[in-house]
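Fold and geometry: a report
For reference, the chains in residue letters:
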Amino acid sequence: MFNDIGALELVTLVILGVLVFGPDKLPKVIQDASRFIRKIREFSESAKEDIRTELGPEFKDFEFEDLNPKTFVRKQLMDGNDDLGLKEIRESFDLRKEMAEVTDAVNGRETTAVESTGGVSGSAAITAANGSPGAPDLLKKREQPAKDDRPPFDADAT
């Protein structure tokens, strides 16, 4: 319960206890506090047992610590049972490769896109990325309109 209390903190608590309660009453206060903690532990254990018996025999091995989200995720996803195939997904995901592809797409470069598609030509890689040969090329930069060209006005949009 007090695993993270060091020696200095313990000495400080003892000195504060002696100053606050006095040396005569301190043993009685410690006994009362330990009795209170013991009763709380017994109450929580009996409540856990009551819940387990009410849930039925299929929840005999149910642990309340598993309700903690960190423990639940660790138990369900990170253990040896890999029913969902998460290990393969984790191993196949290469963040550097994905970031390089995004950077090249933003900068309009096609050289890395050609390499990442396994030797497919640049236009074929773009066609494969867009899904159909007639789809607009989303990686190509738009031409800048002339300065005297005004964008179309839509009265319904304003």
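Since the structure is predicted, the reported quantities are computational estimates derived from the model, not experimental observations.

Reading guide: rules and limits
- Here the residue numbering is sequential within each chain, running from 1 through the sequence in written order.
- Under the rules for a predicted model, residues below a pLDDT of 70 receive no local features and side-chain atom pairs below 80 are neither given nor counted, while totals for whole chains, interfaces and linings still include all residues.
- Just so you know, side-chain values use all the structure's heavy atoms and leave hydrogens and water out.
- To qualify as a helix, a DSSP run of H or I must reach at least 4 residues; to qualify as a strand, a run of E must reach at least 2; elements of each kind are numbered from the N terminus.
- Think of it in three bands: residues with accessible area under 20% of the maximum for their type are buried, residues over 50% are exposed, and the middle band is partly exposed, with areas taken using a 1.4 Å probe on protein chains only.
- Residues count as neighbours in contact if any of their non-hydrogen atoms are within 4.5 Å of one another.
- Here the Shrake-Rupley method, with its probe set to 1.4 Å, supplies the accessible areas, and only the displayed protein chains count as covering residues.
- Residues forming no salt bridge and having over 30% relative accessible area are the ones grouped into patches, like charges within 9 Å of each other and nonpolar side chains (Val, Leu, Ile, Met, Phe, Trp, Tyr) within 5 Å.
- Any carboxyl oxygen of Asp or Glu that lies within 4 Å of a side-chain nitrogen of Lys or Arg is treated as forming a salt bridge with it.

Glancing now at the overall build of the chain. Of the regular secondary structure elements, the chain holds six helices and zero strands. In the chain, which comprises 158 residues, the share counted as buried stands at 7%. A sequence separation of at least 24 residues applies to 12% of the contacts in the chain between residues at least 6 apart. When the accessible surface of the chain is totalled, it reaches about 14,200 Å², and 59% of it is carbon and sulfur.

So, on to a nonpolar patch on the surface. On the surface, Ile5, Leu10, Leu13, Val14, Leu16 and Val18 cluster together to form a nonpolar patch covering roughly 490 Å² of accessible area. Here Val14 shows up in helix α1 (residues 7-55). The class for Val14 is partly exposed, based on a relative accessible area of 47%.

With that settled, consider the environment of Phe64. Examined against the element boundaries, Phe64 turns out to sit in the loop between α1 and α2 (69-77). With sequence-adjacent residues up to four places away left out, Phe64 is seen in contact with Lys48, Ile51 and Arg52.

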